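Reading the structure
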There are 2 protein chains.
Amino acid sequence: MFISKTSEHALRILTYMALNYETQLSARNLFEELQIPKRYLMRLLTDLSKSGFIKATRGRSGGYVFARSLDTIYFSEIIDSVEGLLPFEGCVLGSSVCPVDKPCAMHQIWEKPKQTFLETLKTTTLADLRSGKNIRLQ
Amino acid sequence: MFISKTSEHALRILTYMALNYETQLSARNLFEELQIPKRYLMRLLTDLSKSGFIKATRGRSGGYVFARSLDTIYFSEIIDSVEGLLPFEGCVLGSSVCPVDKPCAMHQIWEKPKQTFLETLKTTTLADLRSGKNIRLQ
DNA sequence: ATTAAATAATACCTGAAAGTATTAATTTAT
DNA sequence: ATAAATTAATACTTTCAGGTATTATTTAAT
Ligand code: FES
Ligand code: FES
């Protein structure tokens, strides 16, 4: 839970690419490393490309590299592009925004975990992953 | 996101019942208050009954009341009975448990929000809802 | 020029969660 | 006894995220 399978895929893809920032990677390369279903992976790569995180080079020696600097790519933006952030920001009971003047019965209780979650997404960039020593991607 | 629609329904049902602890409520009562699809609501009530949170009285003047004291019913137990807690406790990348010795690239980053989330679920009971002044349930 | 190896576009399929329908069982009021 | 009002059991349908399949386009090596 927490995030959708597709968001999870997207994060894994971009994390692996971040750990290999220098090298252009093809869908084939990524498939071998990440074992995300091949055709689905390819579609996600096109999506991530359209979203402007990475850029594609077509043709025989094509592949993907980042289109932007790693330290400008926040987790929040990635998840936002895949499934949207609204479900995370809104009221736990029903998907609309938390009304400031009339919070629901659970607002107070969920406030802290929700804030912590969003805070993490909004302050962590792909660059932060490179500093860690962990490389396992599943 | 965060929790499934069914968990959300379950929480709303039990929250409303907690706020009306004294009175026996029928599926009809709950439907009128919560607008959860009627037949689905009825099935969920049977499930919650089987799980031991509430107890049903069948027949003409039947309905539901709590089977246990409110301060013993933790959010974690409710969600656990509906969709399971494992997806929340396990590794963000892949659904198995976080291996202590070999955490994934995102473990460190997700640790805090995950802990905060689980902490909230595991320390909040239905009794805690009654103390609040908020009564909105959607 | 041709072929091979890559990405892109688009339409289709599938499985699981969410929701619906039907029928049975239980209890109380009359 | 009968009918009305409730919960219980079980099977079916719908929806949509996740995954496949097919075909087109682009580029470089030969
Ligand atoms: S109003 Fe429901 S979580 Fe904020
Ligand atoms: S090992 Fe992946 S989140 Fe802990």
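The rules we used
Residues numbered from 1 in each chain as written. Chains lettered and ligands numbered in written order. Predicted model: local features only at pLDDT ≥ 70, side-chain atom pairs only at ≥ 80, totals over all residues. Heavy atoms only, no water. Near = heavy atom within 4 Å. Polar contact = N/O pair within 3.5 Å; in protein donor to acceptor, adjacent residues only side chain to side chain. Helix = DSSP H or I, 4+ residues; strand = E, 2+ residues; numbered from the N terminus. Nonpolar A, V, L, I, M, F, W, Y, C, P; charged D, E, K, R; others polar. Domains from an automatic or database assignment. Contact = heavy atoms within 4.5 Å. Buried area = accessible area lost by both parts, 1.4 Å probe.

**Some thoughts on the protein's contact with DNA strand C**
Around DNA strand C lies a shell of 27 residues, among which A27 of chain A together with T6, R39, Y40 and R43 of chain B are the nearest. Sugar plus phosphate: this is where 66% of the atoms of DNA strand C within 4 Å of the protein reside. T46 of chain A has a polar side-chain atom sitting 3.1 Å from a phosphate oxygen of DNA strand C. Here R60 of chain B contributes a backbone N or O atom positioned 3.0 Å from a base oxygen of DNA strand C. Looking at the surface near DNA strand C, the elements with two or more residues in it are helix 2 (27–34), helix 3 (38–50), strand 1 (54–57) and strand 2 (63–66) of chain A together with helix 1 (5–19) and helix 3 (38–50) of chain B. Broken down by element, the residue count for the surface near DNA strand C peaks at 4 residues, all from helix 3 of chain A. Tallied by class, residues from the surface near DNA strand C come to 6 nonpolar, 11 polar and 10 charged.

**Some words on the domain arrangement of chain A**
As a measure of interface size, the accessible area lost when the parts come together is often cited. All names here are of chain A. Examined at the domain level, chain A breaks down into domain 1 (5–66) and domain 2 (72–131). Put simply, the middle of domain 1 and the middle of domain 2, counted by C-alpha atoms, are 25 Å apart. If you look at the interface, domain 1 gives 14 residues, while domain 2 gives 11 residues. Across the domain 1 to domain 2 interface the summed buried area is about 1,100 Å²; carbon plus sulfur atoms make up 75%. Interface area lost by domain 1 to domain 2 is led by S7, L11 and F53, which between them contribute 47%. Viewed at the interface, domain 2 and domain 1 are joined by 1 residue pair in polar contact (both at pLDDT 80 or more). Counting residues per element, the side of domain 1 that touches domain 2 draws most heavily on helix 1 (residues 5–19), which supplies 8 residues. Of the residues assigned to the side of domain 1 that touches domain 2, the class counts are 8 nonpolar, 5 polar and 1 charged.

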